[in-house]
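Architecture at a glance
One letter stands for each residue in the lines below.
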Amino acid sequence: MRRASITKRASVLAALGVGVAALAVTAQAGGDKVAFPADYAKGVVYMTLDRPENKQVREYLTSQAAVDAAKKGDPLPQGTVITVAQYAAELDAQGNPVKDPSGRFIKTSNIVGYTVMEKRAGWGTDYPETQRNGEWEYQAFRADKTANPNANLTACFNCHKPQAGQDFVFSYQSMKTATR
């Protein structure tokens, strides 16, 4: 929830005579809990995806402890951070992604953004069961590593909700085959 909408909601509730203290829990929930993971690049790159719809190469990184848990079929440990670094693909003269000999997009050094999911004890309790993703929270960051205020984090919850059997992580199976 964006701070502006929280402030607006607080003003409306105050005008209606409703205490603002109840709003404090809502203000603490969500992407505000997730800080940019400064050491993400030290993690294990366990999956790389070519994204033709936006001409990107995405690298998925997490800790060795998360990979080890997935290899055992266990839930990912508290403190797990999954970072997706989104790189622009190299483009040819026609604006199409250039491919390497194996048919994969060639990534540039141009990072266009990041998406992050993080798991901490007690996180998620502020959400109704219909939305809750265990103890995971989500955040999107711009290339400059600042939070993207236009990100629709509710979409993250809705999309990951059906993955409850894999600790709400689409790429859980890919962690099992990570080699590093």
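Here the structure is a predicted model, which means the values were calculated and not measured.

Our next topic: the packing of aromatic side chains. Tallied over the entire structure, the rule returns seven aromatic pairs. Ring centres of phenylalanine 36 and phenylalanine 141 lie 5.3 Å apart, and the angle between their planes is 85 degrees; on these two criteria the pair is classed as edge-to-face. With phenylalanine 36 in the loop between α2 (23-28) and β1 (44-51) and phenylalanine 141 in strand β5 (residues 136-142), this pair connects stretches of sequence that are 105 residues apart. In terms of burial, phenylalanine 36 and phenylalanine 141 fall into one category: buried. Ring centres of tyrosine 46 and tyrosine 60 lie 6.2 Å apart, and the angle between their planes is 65 degrees; this geometry places the pair in the edge-to-face category. Note that tyrosine 46 is positioned in strand β1 and tyrosine 60 in strand β2 (residues 56-62), a separation of 14 residues in sequence. Taken individually, tyrosine 46 and tyrosine 60 each receive the classification buried, so the pair is uniform in this respect. Among the aromatic residues, those joined into a ring-pair cluster are Phe36, Tyr40, Tyr114 and Phe141.

Quick look at the nonpolar core now. By size, the foremost hydrophobic cluster in this structure holds 22 residues, and its most contacted members are Tyr46, Leu76, Ile82, Trp136, Tyr138, Val169 and Met175. Put simply, the parts of the chain that give this core at least two residues each are β1, α3 (64-72), β3 (81-89), β5, α4 (153-160) and α5 (172-176). With four residues, the single largest contributor to this core is α3. For isoleucine 82, the contacting residues outside a window of four places in its chain are Tyr46, Leu61, Thr62, Leu76, Thr115, Val116, Met117, Trp136, Val169 and Met175.

Our next topic: the confidence of the model for the protein. Averaged over all residues, the pLDDT of the protein is 86; the fraction at 70 or higher stands at 83%. Here residues 1-29 scores under 50 on pLDDT; set against residues more than four positions off or in separate chains, the count is 20 contacts.

Each strand in a sheet pairs with another by means of backbone hydrogen bonds, the pair being arranged parallel or else antiparallel. Strand order in the open sheet made by the five strands is β1-β2-β3-β4-β5, with antiparallel pairing throughout. One side of each edge strand has no neighbouring strand; the edge strands of this open sheet are β1 and β5. Across the sheet, the mean angle from the axis of one strand to that of its neighbour is 20 degrees, orientation sign disregarded. Relative to β3, β2 is paired through six bridges, and the arrangement is antiparallel. Bridge pairing in β3 places arginine 58 opposite glutamine 86. α4 contacts β4 (107-119) and β5 of the sheet and is inclined by roughly 135 degrees relative to β5.

Of note, alanine 178 is situated in the segment after α5. What alanine 178 contacts, discounting residues up to four positions off in sequence, is Val44, Tyr46, Val67 and Lys71.

Procedures and definitions
- Residues numbered from 1 in each chain as written.
- Predicted model: local features only at pLDDT ≥ 70, side-chain atom pairs only at ≥ 80, totals over all residues.
- Heavy atoms only, no water.
- Phe/Tyr/Trp six-rings, centres within 6.5 Å; stacked < 30°, edge-to-face > 60°.
- Helix = DSSP H or I, 4+ residues; strand = E, 2+ residues; numbered from the N terminus.
- Buried < 20%, exposed > 50% of the residue type's maximum accessible area, 1.4 Å probe, protein only.
- Core = buried A, V, L, I, M, F, W, Y, C linked by side-chain atoms within 4.5 Å.
- Contact = heavy atoms within 4.5 Å.
- pLDDT = per-residue confidence, 0-100.
- Pairing = 2+ DSSP bridges.
- Axes fitted to C-alpha atoms, helices over the stretch in contact; angles between N-to-C directions.

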